[in-house]
Amino acid sequence: MTAPLDTINSPCLRGEVFIASIAAPGGGRDLYLSPDEAARFDADPDLFAAKYFELAKAEYREWIETDGTPFCGGETRLRRPCRARVGRPQQNPCDWKRLHRACLCRAHDGRASYV
Ligand SMILES: [Zn+2]
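Being a predicted model, the structure only gives us computed values, none of them experimental.

1. A word on the overall build of the chain
(1) Moving on: Along its length, the chain carries four helices and three strands.
(2) Moving on: If you list the helices and strands of the chain from N to C, you get β-β-β-α-α-α-α.
(3) Moving on: Residue burial in the chain is summarised as follows: out of 115 residues, 31% are buried.
(4) Moving on: Residue pairs in contact within the chain that sit at least 24 positions apart in sequence constitute 40% of those at least 6 positions apart.

In structure tokens, the structure reads:
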């Protein structure tokens, strides 16, 4: 999900600055990291990105996989997670986490008789 680190060596900057590209719904983001931060990023890029967005690593991966789209918390008759959306795509991590698998679609909230 993440690109390798690039390094900036500029007389305008104090010390080395590393650029880390991290995945996010709707596109990636570049983070400017100190050498210590770059070492933590290199050890586990997805964990570093998850912490940046204040998500657990598994949540971060699911946020990326769903393109930030929250899905229904109900199950189908085959006991699989419902794939109905309960919000728009590319939500920020906080709103996605609040809605994802926490809200029900019309079929599961009792307003429809099919699933
Ligand atoms: Zn549903």
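Next, the rest of the story.
2. Remarks on the nonpolar core
(1) Moving on: Within the largest apolar cluster, 18 residues are counted, with the highest numbers of intra-cluster contacts made by Ile22, Leu33, Phe41, Phe53, Tyr60 and Trp63.
(2) Moving on: The set of elements that each furnish at least two residues to this core consists of strand S2 (17-22), strand S3 (29-33), helix H1 (35-43), helix H2 (45-52) and helix H3 (57-65).

3. Quick word on the coordination of the zinc ion
(1) Moving on: The coordination sphere of the zinc ion, as far as protein atoms go, consists of Cys72 (SG), Cys82 (SG), Cys105 (SG) and His108 (ND1), spread over 2.1 to 2.4 Å.
(2) Moving on: For the zinc ion, the four donor atoms are set out with angles of 103 to 117 degrees between them, so the coordination reads as tetrahedral.
(3) Moving on: Of note, the donors binding the zinc ion are all from one chain and are spaced C-x9-C-x22-C-x2-H. Taken as a pair, Cys72 in the loop between H3 and helix H4 (93-99) and His108 in the segment after H4 lie far apart in primary sequence, 36 residues in all.

4. Remarks on the pattern of salt bridges
(1) Moving on: Tallied over the entire structure, the rule returns five salt bridges.
(2) Moving on: One salt bridge connects Arg98 with Asp95, and the closest N-O pair in it is separated by 3.5 Å. With Arg98 and Asp95 both in helix H4 and three residues apart, this pair spans about one turn of that helix.
(3) Moving on: With relative accessibility at 53%, the residue Arg98 sits in the exposed group.

5. Digging into the pairing of S2
(1) Moving on: Within S2, five of the six residues are buried, leaving the element largely enclosed by the surrounding structure.
(2) Moving on: Hairpin connection between S2 and S3: a loop of six residues separates the two successive antiparallel strands, and Gly26 in this loop has a positive phi of roughly 85 degrees.

6. So, H2
(1) Moving on: Taken together, the buried positions of H2 are occupied by Asp46, Phe48, Ala49 and Ala50.
(2) Moving on: Of the surrounding secondary structure, the elements contacted by the buried residues of H2 are S2, S3, H1 and H3.
(3) Moving on: Of the residues flanking the end of H2, it is Glu54, one or two places downstream, whose phi is positive at about 60 degrees.

The rules behind these values
Residues numbered from 1 in each chain as written. Predicted model: local features only at pLDDT ≥ 70, side-chain atom pairs only at ≥ 80, totals over all residues. Heavy atoms only, no water. Helix = DSSP H or I, 4+ residues; strand = E, 2+ residues; numbered from the N terminus. Buried < 20%, exposed > 50% of the residue type's maximum accessible area, 1.4 Å probe, protein only. Contact = heavy atoms within 4.5 Å. Core = buried A, V, L, I, M, F, W, Y, C linked by side-chain atoms within 4.5 Å. Donors = N, O, S within 2.8 Å, 3.2 Å for Na, K, Ca; no water. Tetrahedral: all angles 85-135°; square planar, octahedral: opposite > 155°, others 65-115°. Salt bridge = Lys/Arg side-chain N within 4 Å of Asp/Glu carboxyl O. Pairing = 2+ DSSP bridges.

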